[in-house]
Amino acid sequence: MTRRFRRRQFLRGSSGLLALPFLPSALARQARAQESDGPPKRLVIFFHPNGVRPQHWFPTDVSPDDDSQFTLSRCLQPLTPHRDKVLITSGIDMASLALGPGEPHQRGMGGVLSGIHLQDGDFVGGDGSRAGWGGGISVDQRIVQATGGDTPFPSLQLGVRPDAPAAGGEVRNRLSYLGPGQPLPPEKEPWAVFDRLFSQQTISDTANRELMRFKRGSVLDVVHQDLARLQSQRLDSQDRAKLDAHLTHLRALEQQVTAAQQRACEMPARPPEHDLLDEDTIPIRTQQMIDLISLSFACDLTRVVCLQNSNAQNHTRMPWIDAFGDGHALSHASDSSLNSVDEWANRDTWFASQFASLLSALDAIDEGGTSVLDNTLVLWVNELSKGNTHSHINMPFVLAGGLGLRGGRMVQFNNASHNDLLLAVLRAFAIDDATIGNPDFCTGPLTGLF
């Protein structure tokens, strides 16, 4: 005689830890929990300074009927291998930063991630005007604030020559803000970042998390045995449906555990120390910072990172690409100065190559069917749109990665607010804030990106 399992028998036979609840309200909670299963969401902010030359930056041959049809510009050619995961924008303005004190470099640097004007202060800008720190929380720190997380480091602020040697820390050298007047200084020594990431305490905490993941996997093995035994029995249709639903949730949980075990968390050698003022070491330090970002994500040490390349003063040369002009002066050169324009385009092309290197590093880390890049949103920002006009109109924003981003497109807006772009970034992390920065410039998350 075939034995039929009834509800109480089913509950007794299943693991108490992962037993399927039978109340409708509990089922709804489980459905919401299942939606959060999977690899963690991450954010990278990538910054380079002093605007771009539009004719060498924005894609050409853009189809009016199909935003996936375009030709990458000279400066963005290095993004070709990642074209399908990159979204290029035009027509987004930082109008909210026209208010308040400061000159355009100051206002752009202090507000590009917060969408609000600067505080009053005594930092002297390039035109002699004065301003203080940024006036609000930056989008990266709002994500840290809202999502929390159990990583050893809530966020990392990294920089390659982020401070002007003569000026030190001031508003033109800071991107990330905990709140009004609360800048987070970027760390500029890769070897010091390495030491902090891999201190004995961090290693201990990480080992404990990995042990818990292993134990979680062992529990799943036991539950598999129980469920296999139950499946061999004849269940009525109601219990069979509930068992199938439970198995679906269990498989998703397994994938999460497997992904955690598959992350390429292998500690490399400590980066060598060198002279921070030596311009020839900039490419080395940039790659070291990219390596540290990918490593910190692979080991789940943090999920939010800002990488600041130079600063709004940007008095640097790039001898490794034969660009010997002062960066700030080159950005101010007239459009008729063809040599300067060409050198500036070469510099922006190099920054694009570093952006591509970052994408490649994240895409190389497997998370069980997806890559770290698939679970990361990368936002590339600048403090100006065009250096020789100091404009904040038609900013060169680029997005890449996953979290629902519809890449492989050139999306053209018409004087859209960059505050709404920041709101769209928040929505990618399930943060439903109605405003960020100055509410007068918030009409809702920018559409057409995700």
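Residues take numbers from 1 onward in each chain, read along the sequence in its written order. Where local features are concerned, this predicted model is filtered to residues with pLDDT of at least 70; where side-chain atom pairs are given and counted, the filter is 80 or more; whole-chain, interface and lining totals use all residues. Side-chain metrics in this entry use all non-hydrogen atoms of the structure; hydrogen atoms and water are not considered.

Colleague: What should I look at first to understand unusual backbone geometry in this one?
Modeller: Keep in mind that most residues, glycine aside, have a negative phi and that most peptide bonds are trans. Unusually for a residue other than glycine, Asn 314 sits at a positive phi of about 55 degrees. Take Asn 314: it is sitting in the loop between strand S8 (304-309) and helix H10 (327-332). On the basis of relative accessibility, which here comes to 2%, the residue Asn 314 falls in the buried class. The backbone of Asn 415 shows a phi angle near 55 degrees, a positive value even though the residue is not glycine. Put simply, DSSP marks the helices as runs of H or I at least four residues long and the strands as runs of E at least two long, and each gets a number from the N terminus on. Position of Asn 415 relative to the elements: it lies in strand S11 (residues 409-417). The buried label goes to any residue with under 20% of its type's maximum accessible area, the exposed label to any with over 50%, and the partly exposed label to all in between, with areas taken from a 1.4 Å probe on protein chains only.

Colleague: Looking at this structure, I do not really get the sheet that holds strand S6 (residues 156-160). What am I missing?
Modeller: Adjacent strands of a sheet pair through backbone hydrogen bonds, lying either parallel or antiparallel. Within the open sheet, the seven strands sit side by side as S6-S8-S2-S9-S10-S3-S11. Their pairing is mixed. Edge strands, defined here as strands with exactly one partner in the open sheet, are S6 and S11. Strand-to-strand, the axes of this sheet are offset by a mean angle of 20 degrees, without reference to chain direction. As paired strands, strand S2 (residues 42-47) and S8 are joined by five bridges and run parallel to one another. For Phe 47, the partnering residue across the bridge sits in S8 and is Gln 308. Two strands qualify as a pair provided that DSSP identifies no fewer than 2 bridges between them. Every angle, taken between N-to-C directions, lies between 0 and 180 degrees, and every axis is a line fitted to C-alpha atoms, over only the stretch in contact when it is a helix.

Colleague: Would you explain the packing of helix H5 (residues 139-147) against helix H12 (residues 418-428) in this entry?
Modeller: How two helices pack is summed up by the angle between their axes together with the distance between the axes. Relative orientation of the contacting elements H5 and H12 amounts to 30 degrees, with a least axis distance of 10 Å. As summarised for this structure, H5 and H12 are arranged roughly parallel, according to the angle between their axes. As for how H5 packs across H12, the hand of that crossing is right-handed. Two secondary-structure elements touch here, H5 through Val 139, Arg 142 and Ile 143 and H12 through Leu 422, Val 425 and Leu 426. Here the contact of H5 with H12 is built from residues that sort into five nonpolar, no polar and one charged. Throughout this description, any angle smaller than 35 degrees is read as roughly parallel, any larger than 145 degrees as roughly antiparallel, any in the 65 to 115 degree range as roughly perpendicular, and the remainder as oblique. The sense of a crossing depends on the near helix, which, turned anticlockwise from the far helix by less than a right angle, makes the crossing left-handed and, turned clockwise, makes it right-handed. Every residue pair with non-hydrogen atoms within 4.5 Å of one another is taken to be in contact. Gly is put with the polar residues, along with every residue not named as nonpolar or charged; the nonpolar set is Ala, Val, Leu, Ile, Met, Phe, Trp, Tyr, Cys and Pro, and the charged set is Asp, Glu, Lys and Arg.

Colleague: Just to check I follow, could you spell out empty space enclosed by the protein for this structure?
Modeller: It is a probe the size of a water molecule, rolled over the atoms, that shows where empty space is left. Detection works on a 1 Å grid of protein atoms alone, calling trapped sets that fit a 1.4 Å probe cavities and calling open sets with protein on both sides within 12 Å along at least five of seven lines pockets, with lining residues defined by an atom within 4 Å of a point. Grid points are joined across faces, edges and corners, and a volume is the space filled by probe spheres set on the points. Inspection of every chain in the model, using the stated rule, returns two cavities of 30 Å³ or more. Residue lining of the largest cavity: 13 residues in total, with Ile 282, Ser 310, Thr 316, Met 318 and Phe 351 positioned closest to the centre. Its residues assigned to classes, the lining of the largest cavity shows six nonpolar, five polar and two charged. What the second largest cavity holds in volume is close to 40 Å³. In this structure, the second largest cavity is lined by Gln 157, Leu 158, Leu 175, Ser 176, Leu 184, Pro 186, Cys 306 and Gln 308. Among the secondary structure elements, those contributing two or more residues to the lining of the second largest cavity are S6 and S8. In the lining of the second largest cavity, the residues fall into five nonpolar, three polar and no charged.

Colleague: Whenever I open this one, the packing of aromatic side chains confuses me. Can you help?
Modeller: When two rings of Phe, Tyr or Trp (its six-membered ring) have centres within 6.5 Å they constitute a pair, described as stacked for plane angles under 30 degrees, edge-to-face for angles over 60, and tilted for the intermediate range. Counted according to the given criterion, the structure contains eight aromatic pairs. Consider the rings of Phe 194 and Phe 198, whose centres lie 5.2 Å apart with planes at 40 degrees: the pair is tilted. Accessibility expressed as a relative area gives 8% for Phe 194, which makes it buried. For Phe 198, a relative accessible area of 14% corresponds to the buried category. On the basis of an interplanar angle of 25 degrees and a centroid distance of 4.6 Å, the ring pair of Phe 355 and Trp 380 is categorised as stacked. Taken together, the residues Phe 355 in helix H11 (residues 338-363) and Trp 380 in strand S9 (residues 376-381) connect sequence positions 25 residues apart. As far as the burial class goes, Phe 355 and Trp 380 line up, both buried.

Colleague: Help me out: how do you make sense of the pattern of salt bridges in this one?
Modeller: Opposite charge on two side chains permits them to pair, given that their charged atoms come into close proximity. When a carboxyl oxygen of Asp or Glu lies within 4 Å of a side-chain nitrogen of Lys or Arg, that pair is called a salt bridge. Per the stated rule, a full pass over the model turns up 17 salt bridges. For Glu 367, the salt bridge is made with Arg 42, and the minimal N-O distance between the two is 2.7 Å. Of this pair, Glu 367 sits in the loop between H11 and S9 while Arg 42 sits in strand S2, placing them 325 residues apart in sequence. Each member of the pair, Glu 367 as well as Arg 42, is classed as buried. Residues Arg 53 and Asp 335 are paired through a salt bridge, measuring 2.5 Å at the closest nitrogen-oxygen approach. In this pair, Arg 53 sits in the loop between S2 and helix H3 (54-57) while Asp 335 sits in the loop between H10 and H11, placing the two residues 282 residues apart along the sequence. Since its relative accessible area comes to 2%, Arg 53 is described here as buried.

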